[in-house]
Amino acid sequence: MPYDVIVIGAGPGGYVCAIRAAQLGMKVAVVEKLKTLGGTCLNIGCIPSKALLYASEMFAEAGHGLAPLGVVVDAPKLDLKTMMKHKDDTVAANVNGVAFLFNKNKIDWVTGEARIAAAGKVVVTGGDGKATTLEAKSIVIATGSDVARLPGVEIDETTIVSSTGALTLAKPPASLLVVGAGVIGLELGSVWARLGAKVTVVEFLDRILPGMDGEVAKQFQRILEKQGFKFHLGHKVANVAKTASGAKATIEPVAGGAPIALDADVVLVAIGRRPYTEGLGLEALGVATERGQVVIDAHFATNIPGIYAIGDVVRGPMLAHKAEDEGVALAEILAGQAGHVNYDAIPGVVYTSPEVASVGKTEEELKAAGIAYNVGKFPFTANGRARAMRHTEGFVKILADAATDRVLGAHIVGFGAGEMIHEAVVLMEFGGSAEDLARTCHAHPTMSEAVKEAAMAVAKRAIHV
Ligand SMILES: Cc1cc2nc3c(=O)[nH]c(=O)nc-3n(C[C@H](O)[C@H](O)[C@H](O)COP(=O)(O)OP(=O)(O)OC[C@H]3O[C@@H](n4cnc5c(N)ncnc54)[C@H](O)[C@@H]3O)c2cc1C
């Protein structure tokens, strides 16, 4: 019997879409070429990186964060094997969790590589080379993304690594050169910096964290420099070659000038990710793509009836929660409901120490759009809880429409920013104003009081600064 839906790819977009579709009564199959479910996010992305970020943060805290609190720790020793086991166990618990949910929701999990032979027909080639044809009313492309490569630079995943290799290094490199000052480069750079590597970051643009609020990025860069990071902004990598002891990179100022040679034990190429559609047969089917992305309409439909796409393979930020929300919305649309994603309120978090979190518009975007806005800011140095925990770095910034006071963006650098940002996300979902946030009672003492104070600062009435 044909399926209602076949989802290709079991990442956060695909597996969530499948579960929601099954909840809504559809007969669902998911085709995944990896042996485990969860896609990039659970296997080689969000989850393993966060396991290593947490463990390495604890190592760094034990090394120099506890003495001022009167907790005396002898120089902590690194047991990288156990740290990696913590990461692997975390991944296993998560991917097995998805398998449990598939079972619970009676979703057929088909292992193999999928090709769309025609609308309604998916050919799956298993590890043994045998092909099976599955049929469905609707096909969802959720094939995600892959590492973007630097032309001429060969990734061997031991000396010249992508994010995948950077999650499994056998020992901390003495020196790590990170190409790309985006989220993944700074997160994995932080992991190895905490475990002893001297980290140098090369970035083509003249700033770190492209796309995030400029003031936030500047302050965050200063914080990372205090942690020992070195930055070469406005530089491009001309080449990277392996040497007897590691690798040598030649970088050049984008504006012109003398090249610089940099030696490193390990080079991490973290220049971004590209949509992945290889082997799907999209060209033969005539499915429209643009710069590698599958083109969709507001309801996730491609130009071929019955074929849909979600997640990293389509436009928008390459984030797991964006993919998940699209998965839910599409399943609901296929069930005749009004599934919807609000792209103006998708948070982004950098899980470093401190964290960086943002939602909505940056100051740069508001200026470019000619929207008049008011800014409210509050530093964590003036927050009691932050002082009590010695986490006073950073600030909260709220951007509100000058005419209506509606919150258009929120940006936080600080301990726990990735959790705090959600009160701004919920507020924005409900079209709330800075005054709404300012008049909402916040527990004392909490880091979140800084969010309230920043909202009060929009009307120049913050109390504690
Ligand atoms: C190191 C790293 C850290 C990250 N950290 C975060 C984070 O903290 N927060 C966050 O929001 N995002 C993070 N991301 C991004 C996040 O992983 C992606 O946005 C997310 O996984 C996208 O989900 P997806 O379902 O679109 O695709 P994917 O997760 O890429 O899943 C696609 C799946 O499709 C399968 N597939 C592809 N083609 C076929 C085929 N023809 N047949 C069968 N199967 C196929 C693939 O094997 C894969 O399992 C991180 C990424 C990396 C690399």
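What counts, and where the lines are drawn
- Residues numbered from 1 in each chain as written.
- Predicted model: local features only at pLDDT ≥ 70, side-chain atom pairs only at ≥ 80, totals over all residues.
- Heavy atoms only, no water.
- Salt bridge = Lys/Arg side-chain N within 4 Å of Asp/Glu carboxyl O.
- Buried < 20%, exposed > 50% of the residue type's maximum accessible area, 1.4 Å probe, protein only.
- Pairing = 2+ DSSP bridges.
- Helix = DSSP H or I, 4+ residues; strand = E, 2+ residues; numbered from the N terminus.
- Axes fitted to C-alpha atoms, helices over the stretch in contact; angles between N-to-C directions.
- Contact = heavy atoms within 4.5 Å.
- Core = buried A, V, L, I, M, F, W, Y, C linked by side-chain atoms within 4.5 Å.
- Near = heavy atom within 4 Å.
- Polar contact = N/O pair within 3.5 Å; in protein donor to acceptor, adjacent residues only side chain to side chain.
- Areas by Shrake-Rupley, 256 points an atom, 1.4 Å probe, with all protein chains shown as cover.
- Nonpolar A, V, L, I, M, F, W, Y, C, P; charged D, E, K, R; others polar.

I'm lost on the pattern of salt bridges in this one. Help?
Once their charged atoms are close, side chains differing in charge can pair, the charge on each being opposite to the other. In the structure shown here, the tally under the stated rule is 21 salt bridges. Note that Arg274 is salt-bridged to Glu278, the shortest N-O span being 3.4 Å. A relative accessible area of 46% places Glu278 in the partly exposed class. Members of the salt-bridge network, linked through shared partners, are Asp213, Glu215, Glu363, Lys367, Lys377 and Lys397.

Any chance you could explain the sheet that holds strand 21 (residues 355-360) here in plain terms?
The pairing of strands in a sheet comes from backbone hydrogen bonds and takes either a parallel or an antiparallel form. Strand order in this open sheet of five strands is 20-21-24-23-22, and the pairing throughout is antiparallel. Bordering the open sheet on either side are strand 20 (348-350) and strand 22 (373-379), each of which pairs with just one other strand. Taking the axes of each pair of neighbouring strands and ignoring which way they run, one obtains an average angle of 10° across the sheet. The sheet contact formed by strand 23 (residues 395-401) and strand 24 (residues 407-414) spans six bridges and is antiparallel. Its bridge partner being in strand 24, Ala400 is matched across the sheet by Val407. Together, strand 20, strand 21 and strand 24 form the strand contacts of helix 12 (residues 417-429), whose direction differs from that of strand 21 by roughly 10°. Packing against the sheet, helix 14 (residues 449-458) makes contact with strand 22, strand 23 and strand 24, and its axis sits at approximately 140° to strand 22.

Explain the nonpolar core here, please?
Inside soluble globular proteins, nonpolar side chains tend to come together where they are buried. Counting 58 residues, the largest nonpolar core has Phe102 and Ile116 as its most contacted members. Examining the composition of this core, we find that seven residues originate from one element, helix 1 (residues 12-23), more than from any other. The residues touching Phe102, leaving out its near neighbours within four places in the chain, are Tyr15, Ala18, Ile19, Val30, Leu37, Ile107 and Trp109. Counting residues in each nonpolar core, the second largest holds 39 residues, with Ala55, Ala217, Phe229 and Leu268 among its members.

Sorry, what's going on with the sheet that holds strand 10 (residues 198-203) here?
Ordered by their spatial adjacency, five strands build an open sheet running 8-15-9-10-11, and the pairing between neighbours is parallel. Strands with a single pairing partner mark the edges of an open sheet, and in this sheet they are strand 8 (160-161) and strand 11 (230-233). Examined bridge by bridge, strand 10 and strand 11 share four bridges and lie parallel to one another. Counted as the bridge partner of Glu203 is Leu233 from strand 11. In the packing of helix 6 (residues 183-194) onto the sheet, the strands contacted are strand 9 (175-179), strand 10, strand 11 and strand 15 (266-269), and the crossing angle to strand 9 comes to about 175°.

How do you make sense of the site of the ligand when you look at a structure like this?
The local shell around the ligand holds 39 residues, among which Gly13, Glu32, Thr40, Lys50 and Ala320 are the closest. One of the side-chain nitrogen or oxygen atoms of Glu32 is found 2.7 Å away from an oxygen atom of the ligand. Out of a free accessible area of 1,000 Å², the ligand has 95% covered by protein chains. Broken down by secondary-structure element, the contributors of at least two residues to the shell around the ligand are helix 1, strand 2 (28-32), helix 2 (39-44), helix 3 (46-65), strand 4 (113-118) and helix 9 (320-334). Among the elements that make up the shell around the ligand, the one with the highest residue count is helix 2 (four residues). A breakdown of the residues in the shell around the ligand according to their chemical character gives 18 nonpolar, 15 polar and six charged.

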